[in-house]
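Topology and contacts: notes
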Amino acid sequence: MSGQGIIDAESPFKIAEMAALQGTWDGEKREVSVHSVNLKQLDNGAKIPPSGWKCEKCDLTTNLWLNLTDGSILCGRRF
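Residue positions within a chain follow its written sequence, with the count starting from 1. This being a predicted model, a pLDDT of at least 70 is required before a residue's local features are given, and a value of 80 or more before pairs of side-chain atoms are given or counted; all residues contribute to the totals for chains, interfaces and linings. As a rule here, side-chain values cover all heavy atoms of the structure and leave hydrogens and water aside.

An unreviewed UniProt entry lists the protein under the name UBP-type domain-containing protein, from Pieris macdunnoughi.

Have a look at this one:
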């Protein structure tokens with residue numbers, strides 16, 4: 001494999017991520033929401049998995065929401 005071939009090759013992580021996301025896109029055009037134009041996103045190292053979400057406080061897996069600013073995954077339950 002040439003040097004450029006190595007540079008252009010997909011990482012195993014990227015391949016696994018793409019396989020997990022396969023079938024989730026419906027082909028509809030993506031548009032920027034007016035609510036996200038000025039959205040600040042913190043660079044705090046949070047990584048959102050494509051599946052297997054659970055509440056960070058109580059481990060529920062239903063009625064979840066994602067905070068797009070800090071990457072928190074929480075449920076609608078009051079604490």
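A run of H or I in DSSP counts as a helix once it spans at least four residues, and a run of E counts as a strand once it spans at least two, with each numbered from the N terminus. On a plain count of helices and strands, the protein comes out with 2 helices and 2 strands. The secondary structure elements of the protein, listed N-terminal to C-terminal, are α-α-β-β. Radius of gyration here uses only the C-alpha atoms, and the compact-globule reference equals 2.2 Å multiplied by the residue count raised to the power 0.38. Taking 79 residues into account, the globule formula puts the C-alpha radius of gyration at 12 Å, and the protein, at 17 Å, lies well above it. Counting every position in the protein, which comprises 79 residues, the buried fraction comes to 8%. Contacts: residue pairs with any heavy atoms within 4.5 Å of one another. Across the protein, contacts joining residues at least 24 apart in sequence account for 28% of those joining residues at least 6 apart. Total accessible area on the protein is roughly 7,200 Å²; 54% of this is exposed by carbon and sulfur atoms. Only protein chains enter the accessibility calculation, which uses a 1.4 Å probe; a residue is then buried when its area is under 20% of its type maximum, exposed when over 50%, and partly exposed in between. Shrake-Rupley sampling with a 1.4 Å probe provides the accessible areas, and residues are treated as covered by the protein chains on show and by no other component.

Another aspect to go through is the environment of Cys 58. By secondary structure assignment, the location of Cys 58 is in the loop between helix 2 (12–21) and strand 1 (64–66). Residue class for Cys 58 comes out partly exposed when judged on its relative accessible area of 21%. The sequence separation of Cys 58 and Arg 77 amounts to 19 residues, and the corresponding C-alpha distance is 8.9 Å.

With respect to the element layout, Arg 77 can be found in the segment after strand 2 (73–75). Between the C-alpha atom of Arg 77 and that of Cys 55, which follows or precedes it by 22 residues, the distance is 9.6 Å. When sequence neighbours within four positions are dropped, the list of residues in contact with Arg 77 reads Cys 58 and Leu 60.

A separate point is the pattern of salt bridges. Salt bridges are defined as contacts in which a side-chain nitrogen from Lys or Arg sits within 4 Å of a carboxyl oxygen from Asp or Glu. Going through the model one piece at a time under the given rule, you end up with 1 salt bridge. With a shortest N-O distance of 3.8 Å, Lys 54 and Asp 59 are connected by a salt bridge.

Our next topic: the side chain of Ser 72. Relative to the helices and strands, Ser 72 is located in the loop between strand 1 and strand 2. Taking the relative accessible area as the measure of exposure, Ser 72 reaches 14% and is therefore buried. A distance of 2.8 Å separates polar atoms of two side chains, one belonging to Ser 72 and the other to Asp 70. Sequence-distant contacts of Ser 72, defined by excluding residues within four places in its chain, comprise Glu 56, Trp 65, Leu 66 and Asn 67. Polar contacts, as used here, are pairs of N or O atoms within 3.5 Å; protein pairs need one atom able to donate a hydrogen and one able to accept it. Residues neighboring in sequence count only if both atoms are side-chain atoms.

Comment: phi is negative for the bulk of residues other than glycine, and the bulk of peptide bonds are trans. Residues other than glycine seldom take positive phi values, yet Asp 59 does so here, at roughly 70°. Following the sequence through the fold, Asp 59 ends up in the loop between helix 2 and strand 1. Judged by relative accessible area, Asp 59 falls into the partly exposed class, the value being 48%. One non-glycine residue, Asn 63, lies in the positive phi region at around 55°. Considering the arrangement of structural elements, one finds Asn 63 in the loop between helix 2 and strand 1. Residue classification places Asn 63 among the exposed residues on the basis of a relative accessible area of 58%.

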